[in-house]
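# Working through the structure, step by step
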Amino acid sequence: MPAAAPPAPALARRMADAIRMLAVDAVEQARSGHPGAPMGMAEMAEVLWHRHLRHNPANPHWANRDRFVLSNGHASMLLYALLHLTGYDLPIAELKNFRQPHSRTPGHPEVGVTPGVETTTGPLGQGIANAVGMALAEKLLAAEFNRDGHTIVDHHTYVFLGDGCLMEGISHEACALAGTLRLSRLIALYDDNGISIDGPVQGWFTDDTAARFAAYGWNVVAGVDGHDAQAVDAAVRAARGQALRGDGRPTLICCRTVIGKGSPRKAGTHEVHGAALGAAEVAATRAALGWEAAPFEVPRDVADAWDARQSGAAAEAAWRGHFEAYRRRYPAQAAEFERRMAGDLPGAFAARLPALLEQVAARAGPVATRKASQQALDLLAPLLPECFGGSADLTGSNLTHFEGHVKAGRDAPGNYLSYGVREFGMAAIMNGIALHGGFIPYGGTFLAFSDYSRNAIRMAALMRQRVIHVFTHDSIGLGEDGPTHQAVEQLPSLRLIPELDVWRPADGLETLVAWACALERRDGPSALVLSRQNLPRLAAHAALAGGMRRGGYVLADAAAPCAVIVATGSELMLALQAHEALAREGIATRVVSLPCTSVFDRQPQDYRDAVLPPALPAVAVEAAHPDFWRKYVGRDGRVVGLARFGASAPAEALYASFGITAQAVAQAVRALAAQGAREAA
Ligand SMILES: Cc1ncc(C[n+]2csc(CCOP(=O)(O)OP(=O)(O)O)c2C)c(N)n1
Ligand SMILES: [Mg+2]
């Protein structure tokens, strides 16, 4: 679709001022928020949203809409004003309720709360990385589904970002990769206002941003006056033209702006970044702009000019026409495209899974769970073309590659990406891929480095996106690489992230079940925590998969057990060894495997109580920080774990020297049993 004709300059200015005043008035009403950035980016917003963005306010989920990411999420009122003005289901009452309980205008944009918001932003730098993921998803889907004369995947990803996003390290990770991958349909507009919270940025941000992005392989349009709508328009037109000619380079348009533009006394200062202007300055701003409308009122001609409902419906209808022609010619691909964008798994997945569980349960030999994960992928990936794998430069260690994977490259589509050593970037890019739709992204690194990715994992959870993290080398069990690489606190701390399911499987069958649950889960991310070292098969019957799916189950039992031993992953074998040793002494115990505590916690009380009877004392064993397990063993229970950093030595030596052994578990049970006997006496 060609760009829309620009409005007459006087109207264009009033359209921008409408954004300014809605932002000013909403922040004033809330006595909270960030007016400066919306005021400074108002012209950029008018140009992009009115003249270029292809979207349909009546259908925020149209598959081929352009994506828009407000990476400087504190400018949320800018986005809410745009959504309201163009005709999304965001009435003026919602703007009046900015930042109030239950409003659809939260402090920072949240996907799923406000129609038209594509990703949750606010943690600076992650929005631009999400956008890289969206642009990558678009490029991959276009390569997979478009046919000669049938371009059904054909949209842009636009981003607004500020100084803060560019100072954040993740912008380097993501933008460097975008240059390498030649994501030419990614067009970012930089709000270059020279101000961040502490004041003028000369004291802390003096990068040559244009040169930096040119070095990444981006097309840079430098020195644009961000308040000159014609100049911004020309830059966006050129960027779009270049993308369509297949130039390959993403574009950064550097727009010189004045923060708080329009406010006579506060424009250009950090005072306007994150505080209401105050009644006097609001009045002065109205006067300076010549804006006569009352708060939250938009003059009719301005409202009409902004209304994008008709043009949006026409744009989507035209695309639907193309799509129906595509369906007639390529019915199978059309159905597959719709399935992929809807996020439904193919019927073959559920149909084949039971046989695959049998197959894996029958594999007797010891296996590292990272290897079991690769074997699971070998079985599942052929059923799931939506799987898009990768690793932050540890493919051979994470074993995230599966048979027949195809590496995506500069210009080559594929289903696997070497993200380079960019854990945070990978995690935020995966969020963008998932948000775009069409793929289930997964990516690997060592568990100890999950901290690098952590806020993006948190964002996936907050946004409830289906993203799968593969974290291998999960404990001191990795051995000689030492304490820098041995996770201790990561496992419990990941479990504290709401909505994140953390799986730590113990053998091949548990690993396949963990993968299946992560893939089936539509409403949140999962982390698979996997061993480097070989582990014995413990669950030899596919029938156990049902209990695994519930996050926890009884693996070994006895008549009238006097204690429960709870374990995960590589320590489950220690629990079983202790159970057997104790049985020989006449001490009856039950062994419970808890591969995913959050899934277990979601089970009905009677199931949880049946697995972990509240009356029985409990011992937990896990080669990680012990505190988390208090939740299951209580104050009187025992935890065999590691409340210190590991060390560089062979794994067996470390387990022995840190006392994470079957003997220690058995001893803990004996102590509990003795205590119980004393109390009973
Ligand atoms: C990761 C992260 N760190 C810190 C903040 C807090 N913060 C919000 S805006 C901002 C300054 C951003 O400067 P800039 O992008 O230039 O915004 P402007 O003041 O120009 O609107 C900071 C530090 C944040 N939102 N995210
Ligand atoms: Mg700034």
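Just above sits the structure.
The present account deals with the structure reproduced in this document.

Scoring rules and cut-offs
Residues numbered from 1 in each chain as written. Chains lettered and ligands numbered in written order. Predicted model: local features only at pLDDT ≥ 70, side-chain atom pairs only at ≥ 80, totals over all residues. Heavy atoms only, no water. Helix = DSSP H or I, 4+ residues; strand = E, 2+ residues; numbered from the N terminus. Buried < 20%, exposed > 50% of the residue type's maximum accessible area, 1.4 Å probe, protein only. Contact = heavy atoms within 4.5 Å. Areas by Shrake-Rupley, 256 points an atom, 1.4 Å probe, with all protein chains shown as cover. Lys, Arg positive; Asp, Glu negative; His and termini not counted. Charge placed at Lys NZ, Arg CZ, Asp CG, Glu CD. Salt bridge = Lys/Arg side-chain N within 4 Å of Asp/Glu carboxyl O. Near = heavy atom within 4 Å. Polar contact = N/O pair within 3.5 Å; in protein donor to acceptor, adjacent residues only side chain to side chain. 1 Å grid on protein atoms, 1.4 Å probe; cavity = no way out; pocket = protein on both sides within 12 Å on 5 of 7 lines; lining within 4 Å. Points joined across faces, edges and corners; volume = space filled by probe spheres on them. Nonpolar A, V, L, I, M, F, W, Y, C, P; charged D, E, K, R; others polar. Donors = N, O, S within 2.8 Å, 3.2 Å for Na, K, Ca; no water. Core = buried A, V, L, I, M, F, W, Y, C linked by side-chain atoms within 4.5 Å. Pairing = 2+ DSSP bridges. Axes fitted to C-alpha atoms, helices over the stretch in contact; angles between N-to-C directions. Phe/Tyr/Trp six-rings, centres within 6.5 Å; stacked < 30°, edge-to-face > 60°. Lys NZ or Arg CZ within 6 Å of the ring centre and 35° of its normal.

### Brief notes about the overall build of the protein
Helix and strand content of the protein: 28 helices and 20 strands. By principal-axis analysis of the C-alpha atoms, the protein measures approximately 90 × 60 × 45 Å. Out of the 681 residues belonging to the protein, those deemed buried represent 60%. For the protein, restricting intrachain contacts to residue pairs at least 6 apart in sequence, the fraction spanning at least 24 positions comes to 78%. For the protein, the exposed surface amounts to about 24,700 Å²; the carbon and sulfur share of it is 53%. Averaging the locations of the 63 positively and 68 negatively charged side chains of the protein gives two centres separated by 2 Å.

### Observations regarding the pattern of salt bridges
Where charged atoms of side chains with opposite charge meet at close range, the side chains can pair. Counted according to the given criterion, the structure contains 40 salt bridges. Here Arg65 ties to Glu118 by a salt bridge, and the two come within 2.7 Å at their closest N and O atoms. Within this pair, whereas Arg65 is found in the loop between helix H3 (42–52) and strand S1 (67–70), its partner Glu118 is found in the loop between helix H5 (92–96) and helix H6 (126–145), the two being separated by 53 residues in sequence. Residue classification places Arg65 among the buried residues on the basis of a relative accessible area of 9%. Among the ionic pairs, Glu138 bridges to Arg185, the shortest N-O distance being 3.6 Å. Pair noted here: Glu138 is in helix H6 and Arg185 is in the loop between helix H8 (169–180) and strand S3 (186–192), with a separation of 47 residues, a long-range link. According to the relative accessible area criterion, Glu138 is buried, its value standing at 4%. On the accessibility criterion, Arg185 (18% relative accessible area) is buried. One continuous salt-bridge network, built from bridges that share partners, spans Arg464, Glu499, Asp501, Arg521, Asp523 and Arg602.

### Let's talk about the site of ligand 1
Residues in contact with ligand 1 amount to 15 residues; listed here are only the nearest, His74, Gly122, Gly164, Asn193 and His273. Between an oxygen atom of ligand 1 and a main-chain N or O atom of Ile195, the distance comes to 2.8 Å. Between ligand 1 and His273 there is a distance of 2.5 Å, counted from an oxygen atom to a side-chain nitrogen or oxygen. Counting only elements with at least two residues in the shell around ligand 1, the list comes to helix H7 (163–167) and strand S4 (195–196).

### Quick word on the layout of surface pockets
Each pocket or cavity is described by its volume, and for the largest pocket that value is around 730 Å³. Along the wall of the largest pocket there are 31 residues; nearest its centre are Met341, Ala434, Leu435, Gly437 and Gln465. Here the lining of the largest pocket is built from residues that sort into twelve nonpolar, nine polar and ten charged. Lining the second largest pocket are 24 residues, and of these Pro613, Pro614, Leu616, Tyr632 and Val633 lie nearest its centre. Listing elements by their share of the lining of the second largest pocket, those giving two or more residues are helix H24 (597–601), helix H25 (605–611), helix H26 (630–633) and helix H28 (662–680). Per-class residue counts for the lining of the second largest pocket are twelve nonpolar, five polar and seven charged.

### Digging into the environment of Arg240
If you trace the backbone, Arg240 turns up in helix H10 (residues 229–244). Through-space distance from the C-alpha of Arg240 to that of Thr251 is 8.9 Å; in sequence the pair is eleven residues apart.

### Details of the coordination of the magnesium ion (ligand 2)
Taken together, Asp163 (OD), Asn193 (OD1) and Ile195 (O) make up the full set of protein donors to the magnesium ion (ligand 2), lying 2.1 to 2.2 Å away. Among the residues examined, Asn193 registers a relative accessible area of 9% and is labelled buried.

### Looking at the nonpolar core
With 85 residues, the main nonpolar core has Leu380, Tyr442, Trp515, Leu519, Val621 and Ile660 as its most contacted residues. No other element matches the nine residues that helix H21 (residues 508–520) contributes to this core. With near-sequence residues (within four places) excluded, Leu519 lies in contact with Leu345, Phe349, Leu380, Leu384, Cys387, Ile440, Arg466 and Ile468. In terms of nonpolar packing, the next biggest core, distinct from the first, is built from 65 residues, Ala131, Tyr330, Phe424 and Ala427 among them.

### Description of the sheet that holds strand S17 (residues 563–567)
With mixed pairing, five strands are arranged side by side in an open sheet as S16-S18-S17-S19-S20. The outermost strands of the open sheet, each flanked by one partner alone, are strand S16 (553–556) and strand S20 (638–640). With direction set aside, neighbouring strand axes in the sheet form an average angle of 30°. Judged from the three bridges that link them, S16 and strand S18 (residues 589–593) form a sheet pairing that is antiparallel. Residue pairing across strands places Val554 opposite Val592, the latter belonging to S18.

### Structural notes on empty space enclosed by the protein
If you walk through the whole model with that rule in mind, you get four cavities of 30 Å³ or more. Estimates place the volume of the largest cavity at around 70 Å³. If you trace the largest cavity, you find it lined by Trp49, Leu53, His55, Arg65, Asp66, Arg67, Phe68, Leu79, Tyr88, Gly116 and Glu118. Tallied by class, the residues present in the lining of the largest cavity amount to five nonpolar, two polar and four charged.

### Things to note about the side chain of His227
Mapping His227 onto the fold places it in the loop between strand S6 (219–225) and H10. Accessibility expressed as a relative area gives 18% for His227, which makes it buried. Here Glu43 takes part through its side chain, which lies 3.0 Å from a polar atom of the side chain of His227. When neighbours within four sequence positions are excluded, His227 is seen to be in contact with Arg20, Gly40, Glu43, Arg256, Thr257, Val258 and Lys261.

### Overview of the sheet that holds strand S14 (residues 526–529)
Judged by pairing direction, the sheet is parallel, and its six strands sit side by side in the order S10-S9-S11-S12-S14-S13 without closing on themselves. For this open sheet the edge positions go to strand S10 (416–418) and strand S13 (501–503), each flanked by a neighbour on one side alone. Taken over all neighbouring pairs, the strand axes of this sheet differ in orientation by 20° on average, direction set aside. In this sheet, S14 lies alongside S13 in parallel orientation, the contact comprising three bridges. Bridging across to S14, Asp501 finds its partner in Ser526.

### Some points on the side chain of Glu118
Judged by its relative accessible area of 10%, Glu118 falls in the buried class. Within the local environment of Glu118, its side chain forms a polar contact with the side chain of Arg65, the two groups lying 2.7 Å apart. With residues near it in sequence (within four places) discarded, Glu118 still touches Arg65, Asp66, Arg67, Phe68, Val111, Met134 and Leu435.

### Considerations on the packing of aromatic side chains
Going through the model one piece at a time under the given rule, you end up with 19 aromatic pairs. A ring pair is formed by Tyr326 and Tyr330, whose centres lie 5.5 Å apart and whose planes are at 45°; its orientation type is tilted. Its relative accessible area of 16% is what places Tyr330 among the buried residues. By way of ring pairs, the aromatic residues Trp62, Phe145, Trp319, Phe323, Tyr326, Tyr330 and Phe337 are connected into one cluster. When the ring centre of Tyr330 is taken as origin, the NZ or CZ atom of Arg147, which lies over that ring, is 5.6 Å away.

### Re unusual backbone geometry
With the exception of glycine, most residues fall at negative phi, and the peptide bonds are largely trans. Positioned with a positive phi, Asp393 is a non-glycine residue whose angle comes to about 70°. When you line up the elements, Asp393 lands in the loop between strand S9 (387–391) and helix H17 (395–398). A positive phi angle is found at Ala560, which is not glycine, with a value near 50°. With respect to the helices, strands and loops of the structure, Ala560 is situated in the loop between S16 and S17.

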